[in-house]
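Each chain, written out:
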Amino acid sequence: MSEFLIYKLILVGSVFGITLFVAAYSTYAERKVAAFLQDRVGPDRAGPFGIFQPLADGMKFIYKEEIIPVVSNKFLFVLGPCLAMLTAMMAGVLIPWGNTLIIGDQVYSLQIADLNVGILYVFGVVSIGVYGIMIGGWASNNKFSLLGAIRASAQMISYEIAMGLSIIALIIMTGTLSLGEISAQQAGGVGGDWNMWNVVYQPLGFLIFIVCAFAECNRTPFDLPECETELVGGYHTEYSSMKLGFYLFAEYINMFVSSAVISTLYFGGYNFPFMNDLGLDHNTISIIGTVVLFGKISFFIFFFMWIRWTIPRFRYDQLMNLGWKILIPLAVFNIFLTGLVMILLK
Amino acid sequence: MLTNRSKLVVKKEMTFAEKIYLPAILSGVAITIKHLFRRKATVKYPEKQREISEVWRGQHVLKRDDKGAERCTACGLCAVSCPAEAITMVAAERKKGEENLYREEKYAATYEINMLRCIFCGLCEEACPKEAIFLTDRIVSTDYERNGFIYGKDKLVEPVNERVDISKRQTPAVLAFKQQKRLSHNK
């Protein structure tokens, strides 16, 4: 029992650390990608190629003056960023970071908890995330903050529907809600046994899912909650110091987790082509698989940034039109199509 | 419609391709990814300096004459001509025995240029009847304090043994312009 606890604690600790590390370096990557896409160099002064930039940014955030507006609700004002950070961190528990490791005669899974309602848990946690933004925006007692918070909640609720519906088609296909099982089903890939990634069977579902993921993470082109031109800073207008840092940081953690979920659901998770034909032992394959998963995640994080520095922001009515009038009907259509094909194939 | 320039606003319906956004997004994404591999336009400044024009107007210098005496006579024309009011000076009378230090009988005891106010227009150089102040190709360095940008005589007057070359700015056109002013006493 104690061995089990220690193993889980190590796993939780390392996932926690890696999540923070990746989120910190996402801020650096964001600035670098932005710079490179605009023919600039980006931060390159702190250390070689500026790799210590996240440390410098963090230090700056911590040492900035902390202002809590007098007219704000102090308890909720502090609770907002905490909640945003907490919910962002919680979703990482469900991701299968790799296949099993066999040490001695013990089998260690590289997934902290393989809930049989995995996806539902992820959705639940992600939808609590909107409370962080709403509470923060409301507690600031500022009209810009409030408008940003209203936009954020309306947007996230609208897109959650389409996101959930797009997942249903996938669940019809896989027959399970557990992320671990969905990963395992996609094992093999091209090579010995032909087993395609889910994106091959669910291209439309993937498209809907990734669009909704952009909206859920409040990323461009759906970053209306912090629309600078209209709302100053949106829901975090009144925030300063590390509390602002937490909000920004939570966005990057969300991005990391969404990338992990997208990779797991649609792009085979820790599986890679020819994995069964290399003739390597189980543990080596597992480690390579974890590296491959992080490669996929990095690609999707890059994709998030790539889109951000390409497309301008949607107008609010366009955003709502897209969510309610296009994505939801499309997702429903996708469910019918998947169901029809599943019946015909049986 | 009098000018025939007014345009009718047409509220165009979006085509299907425009409505689904994807073609436009894909073409945009293709453009940005091309820029990822382009040569960067950034000049890494302190290590690498951009090439500047020969007549670049940078940090000022107060010239000395051939014998090493300061040319400035504290007439104040530069301060008057300065549109940013960046120049202040206090005049003093030359004492006996200081002829090797100051060329004229009156000199500037203090001479300050506020580099934060200065717009580097070069009007002081144009106004100077004594060919004392010139703008050079040196760049005013940065500082953490505002006080550091008020340059006194210690920074402005050129050292006797390290003369600042200002000949680059004196192109034929500039010289011709100065000739017009008929500064006979400077010849």
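Rules of the game
- Residues numbered from 1 in each chain as written.
- Chains lettered and ligands numbered in written order.
- Predicted model: local features only at pLDDT ≥ 70, side-chain atom pairs only at ≥ 80, totals over all residues.
- Heavy atoms only, no water.
- Helix = DSSP H or I, 4+ residues; strand = E, 2+ residues; numbered from the N terminus.
- Rg over C-alpha atoms; globule rule 2.2 N^0.38 Å.
- Buried < 20%, exposed > 50% of the residue type's maximum accessible area, 1.4 Å probe, protein only.
- Contact = heavy atoms within 4.5 Å.
- Areas by Shrake-Rupley, 256 points an atom, 1.4 Å probe, with all protein chains shown as cover.
- Lys, Arg positive; Asp, Glu negative; His and termini not counted.
- Charge placed at Lys NZ, Arg CZ, Asp CG, Glu CD.
- UniProt positions renumbered as here; feature names shortened; annotations may be inferred.
- Phe/Tyr/Trp six-rings, centres within 6.5 Å; stacked < 30°, edge-to-face > 60°.
- Lys NZ or Arg CZ within 6 Å of the ring centre and 35° of its normal.
- Core = buried A, V, L, I, M, F, W, Y, C linked by side-chain atoms within 4.5 Å.
- Pairing = 2+ DSSP bridges.
- Axes fitted to C-alpha atoms, helices over the stretch in contact; angles between N-to-C directions.
- Parallel < 35°, antiparallel > 145°, perpendicular 65-115°, else oblique.
- Left-handed = near helix turned anticlockwise from the far one by under 90°.
- Nonpolar A, V, L, I, M, F, W, Y, C, P; charged D, E, K, R; others polar.
- Salt bridge = Lys/Arg side-chain N within 4 Å of Asp/Glu carboxyl O.
- Polar contact = N/O pair within 3.5 Å; in protein donor to acceptor, adjacent residues only side chain to side chain.

1. Description of the overall build of chain A
- Helices and strands together make up the secondary structure of chain A, namely 12 helices and 2 strands.
- Helices (α) and strands (β) of chain A occur, in sequence order from the N terminus, as α-α-α-β-β-α-α-α-α-α-α-α-α-α.
- Taken against the 2.2 N^0.38 rule, which gives 20 Å for 346 residues, the C-alpha radius of gyration of chain A at 21 Å falls within 12% of a compact globule.
- Principal-axis analysis of the C-alpha atoms places the extent of chain A at approximately 60 × 50 × 45 Å.
- Counting only residues that meet the buried cut, chain A has 51% of its 346 residues in that class.
- Taking as baseline every contact in chain A between residues at least 6 positions apart, the subset at least 24 positions apart corresponds to 80%.
- A total accessible area of about 15800 Å² is found for chain A, and carbon and sulfur atoms account for 73% of it.
- Each charge class in chain A can be summarised by its mean position, and for the 18 positive and 22 negative side chains these summaries are 10 Å apart.

2. A few points about the UniProt feature "transmembrane region" (unreviewed entry) in chain A
All names here are of chain A.
- In this numbering, the UniProt entry assigns the feature "transmembrane region" (unreviewed entry) to residues 6-28, 75-98, 118-140, 161-179, 199-215, 244-267, 287-306 and 326-345.
- Its end C-alpha atoms 33 Å apart, residues 6-28 is made of 100% helix and 0% strand.
- Split by type, residues 199-215 is 94% helix and 0% strand. Its first and last C-alpha atoms lie 20 Å apart.

3. Quick look at the packing of aromatic side chains
- Applying the stated criterion to the full structure yields 25 aromatic pairs over all chains.
- Ring geometry for A:W197 and A:F267: centres 6.0 Å apart, planes at 65°, overall edge-to-face. Here A:W197, found in the loop between α6 (179-185) and α7 (198-201), pairs with A:F267, found in the loop between α10 (241-266) and α11 (282-308); they are 70 residues apart in sequence, far enough to count as distant.
- Taking the relative accessible area as the measure of exposure, A:W197 reaches 21% and is therefore partly exposed.
- Above the face of the B:Y151 ring, B:K155 is positioned so that its terminal group lies 4.4 Å from the ring centre.

4. Some details on the nonpolar core
- Core analysis: the biggest nonpolar cluster contains 89 residues, and A:F209, A:L265 and A:Y266 have the highest contact counts within it.
- The dominant element in this core, judged by the number of residues it contributes, is α10(A), at 14 residues.
- In terms of nonpolar packing, the next biggest core, distinct from the first, is built from 23 residues, B:C72, B:A84, B:C128 and B:V157 among them.

5. Some thoughts on the pairing of strand β3 (residues 106-114) of chain B
All names here are of chain B.
- Bridging between strand β2 (residues 87-93) and β3 involves 7 bridges; their strand directions are antiparallel. Of the residues in β3, the one forming a bridge with I87 is I113.
- With 2 bridges joining them, β3 and strand β5 (residues 150-151) adopt antiparallel strand pairing. The partner of I113 across the bridge, within β5, is Y151.

6. Topic: the sheet that holds β5(B)
- As summarised here, the arrangement of the 3 strands in space is β2-β3-β5 (chain B), forming an open sheet in which the pairing is antiparallel. A single partner strand is all that each edge strand has here, and the edge strands are β2 and β5 of chain B.

7. So, the packing of helix α3 (residues 74-90) of chain A against α10(A)
Residue and element names in this part refer to chain A.
- In contact at an axis separation of 8 Å, α3 and α10 are set at 20° when each is read in the N-to-C sense. Regarding the angle of α3 to α10, the classification is roughly parallel. Where α3 crosses over α10, the two elements pack in a sense that is left-handed. Residue-level inspection shows F77, V78, G80, P81, A84, M85, A88 and M89 of α3 in contact with α10, the latter providing K243, F246, Y247, F249, A250, I253, N254 and V257.
- Residue classes in the contact of α3 with α10 are distributed as 13 nonpolar, 2 polar and 1 charged.

8. Looking at the pattern of salt bridges
- Applying the stated rule across the entire model yields 16 salt bridges over all chains.
- Linking A:R315 and A:D317 is a salt bridge whose minimum nitrogen-to-oxygen distance equals 2.8 Å.
- The exposure class assigned to A:D317 is partly exposed, which follows from its relative accessible area of 39%.
- Put simply, B:R163 and B:E158 hold a salt bridge, and the shortest N to O gap is 3.5 Å.

9. Section: the side chain of B:R71
Residue and element names in this part refer to chain B.
- Relative to the assigned elements, R71 resides in the loop between β1 (60-62) and α3 (77-81).
- No salt bridge is formed by the buried R71; the nearest opposite charge belongs to E131, separated by 4.8 Å.
- At a separation of 2.7 Å, a polar atom in the side chain of R71 contacts the main-chain carbonyl oxygen of E131.

10. Some words on unusual backbone geometry
All names here are of chain A.
- Positive phi outside glycine occurs at N218, with the angle close to 55°.
- Mapping N218 onto the fold places it in the loop between α8 (203-216) and α9 (228-231).
- Owing to a relative accessible area of 4%, N218 belongs among the buried residues under this scheme.

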